[in-house]
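These are the residues of each chain, in order.
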Amino acid sequence: MINILFGGNDKVFDGILTCALSILKRTETKEPFNFIFFSMDVSDLREDYKSISDAQVSFFEKVIKKYNPENKVQLVDVKPLYEKHFRGSPNEQCYCSPYTLLRLFADEVDIMPDKVLYLDADIMLNRDITLLYDIDVSEYEYAAANDHYGKYLINPGYINAGVILFNMKRCKETGLFAKARELIKTKKLVFADQSAIIRSTTKRKLIAQKFNDQKFLHKSTVIRHFSKRLFWLPYPHTDNIKQWHVSKVHKVFGYYQFDDILYEYIYLIQKFKEENNLC
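Here, residues in each chain are numbered from 1, in the same order as that chain's written sequence. Reporting in this predicted model follows two pLDDT cut-offs: at least 70 for local features of residues, and 80 or more for side-chain atom pairs to be given and counted; totals over whole chains, interfaces and linings ignore these cut-offs and use all residues. Water and hydrogen atoms play no part in the side-chain values, which are based on all heavy atoms of the structure.

(A) Just unusual backbone geometry, in detail. Here Asn-277, not a glycine, exhibits a phi torsion of approximately 55°, which is positive. The way it works is that DSSP assigns letters per residue, a run of H or I at least four long becomes a helix, a run of E at least two long becomes a strand, and they are numbered from the N terminus. Relative to the assigned elements, Asn-277 resides in the segment after helix H10 (259-275).

Written out as structure tokens, the structure is:
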């Protein structure tokens with residue numbers, strides 16, 4: 001079974017749905033997928049910090065089972081872990097949201113398999129996911145690619161934590177997650193979870209940029225990560241275009257390679273809204 005881990009609130013539903021569709025449509029394996037969602041409700045911090053809903057999970061499950069009846073989804077409420085470890089920490093109001101910290105609980109969740117691929121929600125598969133998932137990490141805590149900007153601005157080996165292939169057994173042996181949580185509890189970090197993971201690493205495998213391409217889409221690209229990026233024209237500025245912003249994906253990036261995925265997403269998200277009286 002291929003194990004995929006997502007984390008976030010109900011606002012990431014568009015992302016995990018498009019990402020999962022890209023995985024299912026671009027991968028030829030008959031092996032089933034196990035999608036794990038870490039989520040929580042911390043609406044006391046901010047009104048829109050609500051857990052992925054049961055309706056979203058149920059709809060997602062119906063979609064993935066059409067591709068393979070053995071595919072499954074598991075929702076894990078990690079709020080007790082968040083309250084235990086991070087409530088009131090210096091990184092609670094970090095650069096993105098508290099939900100970026102959720103992957104750091106992976107070693108304390110009983111259902112976690114020995115090997116799991118963590119993906120941010122703003123990810124699209126351009127090629128077969130087994131090209132990444134089958135990488136041997138038996139001697140490492142994880143495999144990850146460079147951060148596109150960090151490798152120039154910080155150091156050549158600086159990684160992006162939006163795509164990480166974890167060897168959970170080794171991570172538990174070295175205490176990677178426990179060390180990262182301690183940093184989150186005690187020090188204000190510029191990139192919170194990413195900084196904590198990097199500083200807590202004992203041994204990692206650096207993989208090619210094609211496994212987490214944050215700026216370009218090449219024929220060889222396995223994963224296109226739609227993270228915030230810098231544009232030079234018509235003037236230097238940043239923009240945070242996600243894959244579900246279909247018109248911008250066409251107009252700004254000129255990408256049409258994902259249209260089979262995105263058009264199915266448009267149909268499905270409308271269906272979800274109709275079924276749940278959200279129109």
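(B) Just the pairing of strand E2 (residues 33-39), in detail. Buried, partly exposed and exposed residues are distinguished by accessible area as a fraction of the type maximum, computed with a 1.4 Å probe on protein chains only: under 20%, between the cut-offs, and over 50%, respectively. By the criterion of burial, E2 is predominantly enclosed, with 7 of the 7 residues buried. Both faces of E2 are covered, namely the face carrying Phe-33, Phe-35, Phe-37 and Ser-39 and the face carrying Asn-34, Ile-36 and Phe-38. Pairing between two strands requires that DSSP report at least two bridges joining them. Both strand E1 (residues 2-7) and E2 contribute to a ladder of 6 bridges, which runs parallel. Within the sheet, the bridge partner assigned to Asn-3 lies in E2 and is Asn-34. Seen with its strands pointing away from the viewer, a crossover is right-handed when the path leading from the first strand over the helix to the second is clockwise. For the crossover from E1 across helix H1 (residues 13-26) to E2, the handedness is right-handed. Sheet topology note: the E2/strand E3 (residues 72-77) ladder contains 6 bridges and is parallel. Looking at the pairing, Phe-35 lines up with Val-73 of E3. Handedness of the E2-helix H2 (residues 54-67)-E3 crossover: right-handed.

(C) A look at the sheet that holds E1. Read from one edge of the open sheet, 7 strands run E3-E2-E1-E4-E7-E6-E8, paired in mixed fashion. Each edge of the open sheet carries a strand with a single partner, namely E3 and strand E8 (204-207). Mean inter-strand twist for the sheet, computed between neighbouring axes without regard to direction, equals 25°. Summarising the sheet, strand E6 (residues 142-146) and strand E7 (residues 159-167) pair through 4 bridges and their orientation is antiparallel. Paired with Ala-143 across the bridge in E7 is Leu-165. Residues count as neighbours in contact if any of their non-hydrogen atoms are within 4.5 Å of one another. Each axis is a line fitted through C-alpha atoms, and for a helix only the stretch in contact is used; angles between axes span 0 to 180 degrees, taken between their N-to-C directions. Each of E1, E2 and strand E4 (115-119) touches H1; the most contacted strand, E2, lies at about 165° to it. Its contacts with the sheet put helix H8 (residues 192-200) on E6 and E7, and the angle it makes with E7 is roughly 55°.

(D) Highlighting the pattern of salt bridges. Any carboxyl oxygen of Asp or Glu within 4 Å of a side-chain nitrogen of Lys or Arg constitutes a salt bridge here. Inspection of every chain in the model, using the stated rule, returns 12 salt bridges. In this structure, Glu-264 and Lys-25 form a salt bridge, with 2.8 Å as the shortest nitrogen-oxygen distance. In this pair, Glu-264 is assigned in helix H10 and Lys-25 in helix H1, connecting sequence segments 239 residues apart. For Glu-264, a relative accessible area of 22% puts it in the partly exposed group. Counted as one network, the salt bridges with shared partners bring together Asp-44, Glu-83 and Arg-87.

(E) Molecular detail of a nonpolar patch on the surface. Distance thresholds for patches are 9 Å for like charges and 5 Å for nonpolar side chains (Val, Leu, Ile, Met, Phe, Trp, Tyr), applied to residues having over 30% relative accessible area and no salt bridge. Calculation of accessible area relied on Shrake-Rupley with a 1.4 Å probe; when residues are assessed, cover is drawn exclusively from the protein chains displayed. Side chains of Ile-154, Val-190 and Phe-191 sit close together on the surface and give an oily, nonpolar patch of about 280 Å² of accessible area. With respect to the helices and strands, the residue Val-190 is situated in the loop between helix H7 (176-186) and H8. Val-190 sits in the exposed class, given a relative accessible area of 64%.

(F) Inspection of the packing of H2 against H10 at higher detail. Between H2 and H10, the shortest axis-to-axis distance is 11 Å and the interhelical angle comes to 140°. With respect to each other, H2 and H10 are oriented oblique. Taken as a pair, H2 and H10 cross one another with a handedness that is right-handed. For the pair formed by H2 and H10, the contact residues are Ala-55, Gln-56, Phe-59, Val-63, Lys-66 and Tyr-67 on the first element and Glu-264, Leu-268, Lys-271, Phe-272 and Glu-275 on the second. Considered class by class, the residues forming the contact of H2 with H10 number 6 nonpolar, 1 polar and 4 charged. By definition in this entry, angles of less than 35 degrees are roughly parallel, angles greater than 145 are roughly antiparallel, angles of 65 to 115 are roughly perpendicular, and the rest are oblique. Each crossing gets its handedness from the near helix: less than a right angle anticlockwise from the far helix is left-handed, clockwise is right-handed. Residue polarity is assigned by list, with Asp, Glu, Lys and Arg as charged and Ala, Val, Leu, Ile, Met, Phe, Trp, Tyr, Cys and Pro as nonpolar; anything else, Gly included, falls into the polar class.

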